[in-house]
Amino acid sequence: DEAYPDGVIAVEAMRRLAEAGGRAETPFFMAVGFSKPHLPFCAPKKYWDMHDPAKLPLAAVSEPPVGAPEYAPQFGGELRQYVGIPGKGPLPGELQRQLVHGYYAAVSYMDAQLGRVLGKLDELKLTENTIVVLWGDHGWHLGDHGMWCKHTNYEQATRIPLLIAAPGIVPARTSGLVETVDIYPTLAELAGLPKPSGLDGVSFANVLRHPEQKARESVIHVYPRNRLLGRAIRTGRHRMVEWKV
């Protein structure tokens, strides 16, 4: 696994955890940044072999949303910089399947590296007194509406994974809406630190304790296109995107 950057990062994270574990009276903070499943979808063969490409789902809808402005979608400019990807137009079905397969392989590879780091946390007997946050910075289009990569204000590009494990928190799912700016004040509250002032984010620690609660009525996302600025707002039921100069 160390032939790829995320394996090297996992090893370094485990080393630093061991150092932190040796300072029992000193709190520690670590930010471990894994690059996968970002392009290119490279991972050791064993992670490709975990998934049967014939069983992986392809996008059911390949056309842009009806009535959407022509500039709202994007069609994989980042992906098309790679060898073997057509410069424009729809991607052949077999290539789509290979890309989806690669995405699954890259996710499985990254997940294994995360498991190594969390295993080290267990080995050091730090798990019960450590807050762990797993989150991604964006979603990803895998051919839905003919789109690939990120760079849109649509749901697939803006919805992210967010998992939190903390002492005293019972694992649960919630439909509560949160933004990434909310992670900092939430961590502060969970760690028993003074409430930060002057922030746009709000703590959702209460949602972790009571999953039926809400932290926000809506969340926002902004992404530009040429000279326009797209602003998206999401509630529990609706999403609206407005484009303005």
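Use the structure listed above.
Remember, predicted model here, so these are calculated numbers, not experimental data.

## Observations concerning the pattern of salt bridges
Working step 1: Summed over the entire model, instances satisfying the criterion amount to 13 salt bridges.
Working step 2: For the salt bridge of Lys46 with Asp1, the shortest nitrogen-to-oxygen distance reads 3.5 Å. On the criterion of sequence distance, the pair formed by Lys46 in helix 2 (residues 45-48) and Asp1 in the segment before helix 1 (5-21) is long-range, its members being 45 residues apart.
Working step 3: Residue Glu123 is joined to Lys120 by a salt bridge in which the shortest nitrogen-to-oxygen separation is 3.1 Å. Of the two residues, Glu123 and Lys120 are both situated in helix 3 (residues 93-123); the distance of 3 residues between them amounts to about one turn of the helix.

## Considerations on the pairing of strand 7 (residues 239-244)
Working step 1: Both strand 6 (residues 228-234) and strand 7 contribute to a ladder of 6 bridges, which runs antiparallel. Its bridge partner being in strand 7, Ile233 is matched across the sheet by Met240.
Working step 2: A loop of 4 residues connects strand 6 with strand 7, the two strands running antiparallel in sequence.

## Section: the side chain of Gln74
Working step 1: Structurally, Gln74 is set in the loop between helix 2 and helix 3.
Working step 2: Engagement of the side chain of Gln74 in a polar contact is seen with the backbone nitrogen of Gly76, the distance being 2.7 Å.
Working step 3: Here Trp148 takes part through its backbone oxygen, which lies 2.4 Å from a polar atom of the side chain of Gln74.
Working step 4: Sequence-distant contacts of Gln74, defined by excluding residues within four places in its chain, comprise His141, Met147, Trp148, Cys149, Lys150, His151, Thr152 and Arg225.

## Some points on the layout of surface pockets
Working step 1: What the second largest pocket holds in volume is close to 240 Å³.
Working step 2: Counted by class, the lining of the second largest pocket contains 6 nonpolar, 6 polar and 3 charged residues.

## A closer look at the environment of His145
Working step 1: Position of His145 among the secondary structure elements: in the loop between strand 2 (141-142) and strand 3 (148-149).
Working step 2: What makes His145 partly exposed here is its relative accessible area of 21%.
Working step 3: Along the sequence, His145 and Met50 sit 95 residues apart, while their C-alpha atoms lie 27 Å from each other.
Working step 4: Apart from residues no more than four positions distant in its own chain, His145 is found in contact with Val61, Ser62, Glu63, Pro64, Pro65 and Phe75.

## Some thoughts on the side chain of Lys150
Working step 1: Considering the arrangement of structural elements, one finds Lys150 in the loop between strand 3 and helix 4 (155-158).
Working step 2: Salt bridges are absent for the buried Lys150, whose nearest opposite-charge side chain, Glu78, sits at 4.9 Å.
Working step 3: Other than its neighbours up to four places away in sequence, Lys150 contacts His38, Gln74, Glu78, His138, Gly139, Trp140, His141 and Ala157.

## A few points about the sheet that holds strand 5 (residues 219-225)
Working step 1: The antiparallel open sheet is built from 3 strands, whose spatial order is 5-6-7. Edge positions in the open sheet fall to strand 5 and strand 7, since each of these has one partner strand only. Taking each pair of neighbouring strands and ignoring which way they run, the sheet shows an average axis angle of 20 degrees.

## With respect to the packing of helix 1 against helix 3
Working step 1: Between helix 1 and helix 3, whose axes approach to 9 Å, the crossing angle comes to 10 degrees. Between helix 1 and helix 3, the angle is such that the two are roughly parallel. Between helix 1 and helix 3, the residues in contact are Pro5, Asp6, Gly7, Ala10, Val11, Ala13, Met14, Leu17 and Ala18 and Tyr109, Met110, Gln113, Arg116, Val117, Lys120 and Leu121, respectively.
Working step 2: Among the residues forming the contact of helix 1 with helix 3, the class breakdown is 11 nonpolar, 2 polar and 3 charged.

## Thoughts on the environment of Glu179
Working step 1: Within the element layout of this structure, Glu179 appears in the loop between strand 4 (162-165) and helix 5 (183-190).
Working step 2: Judged by relative accessible area, Glu179 falls into the buried class, the value being 16%.
Working step 3: Along the backbone, Glu179 and Ile220 are 41 residues apart, and their C-alpha atoms lie at a distance of 7.8 Å.
Working step 4: When residues no more than four places from it in sequence are discounted, the contact partners of Glu179 are Arg216, Ser218, Val219 and Ile220.

Calculation notes
Here the residue index of a chain counts from 1 through its sequence in written order. In keeping with the model being predicted, local features are shown solely for residues with a pLDDT of at least 70 and side-chain atom pairs are shown and tallied solely at 80 or more, while totals for entire chains, interfaces and linings include all residues. Working from all heavy atoms in the structure, the side-chain values ignore hydrogens and water. Salt bridges are identified by distance alone: a Lys or Arg side-chain nitrogen within 4 Å of an Asp or Glu carboxyl oxygen. Put simply, DSSP marks the helices as runs of H or I at least four residues long and the strands as runs of E at least two long, and each gets a number from the N terminus on. If DSSP finds at least two bridges between two strands, the strands pair. In protein, a polar contact means a hydrogen-donor-capable atom and an acceptor-capable atom, both N or O and within 3.5 Å, with residues adjacent in sequence counting only if both atoms are side-chain atoms; elsewhere, any N or O pair within 3.5 Å suffices. Contacts are residue-level and defined by heavy atoms, with any inter-residue pair within 4.5 Å sufficient. The way it works is a 1 Å grid over only the protein atoms, where trapped points that fit a 1.4 Å probe form a cavity and open points with protein on both sides within 12 Å along at least five of seven lines form a pocket, and then any residue with an atom within 4 Å of a point lines it. Grid points are joined across faces, edges and corners, and a volume is the space filled by probe spheres set on the points. Three categories are distinguished: nonpolar for Ala, Val, Leu, Ile, Met, Phe, Trp, Tyr, Cys and Pro, charged for Asp, Glu, Lys and Arg, and polar for the others, with Gly belonging to the last. Between buried and exposed lies partly exposed: a residue is buried under 20% and exposed over 50% of the maximum accessible area for its type, with that area taken using a 1.4 Å probe on protein chains only. Only four residue types enter the tally: Lys and Arg on the positive side, Asp and Glu on the negative side, with His and both chain ends excluded. Note on definitions: angles span 0 to 180 degrees between N-to-C directions of axes, and those axes are lines fitted to C-alpha atoms, for helices only across the stretch in contact. Our angle categories are set so that under 35 degrees counts as roughly parallel, over 145 as roughly antiparallel, 65 to 115 as roughly perpendicular, and the remainder as oblique.

Everything listed here is a matter of geometry and, on its own, says nothing about what the molecule does.
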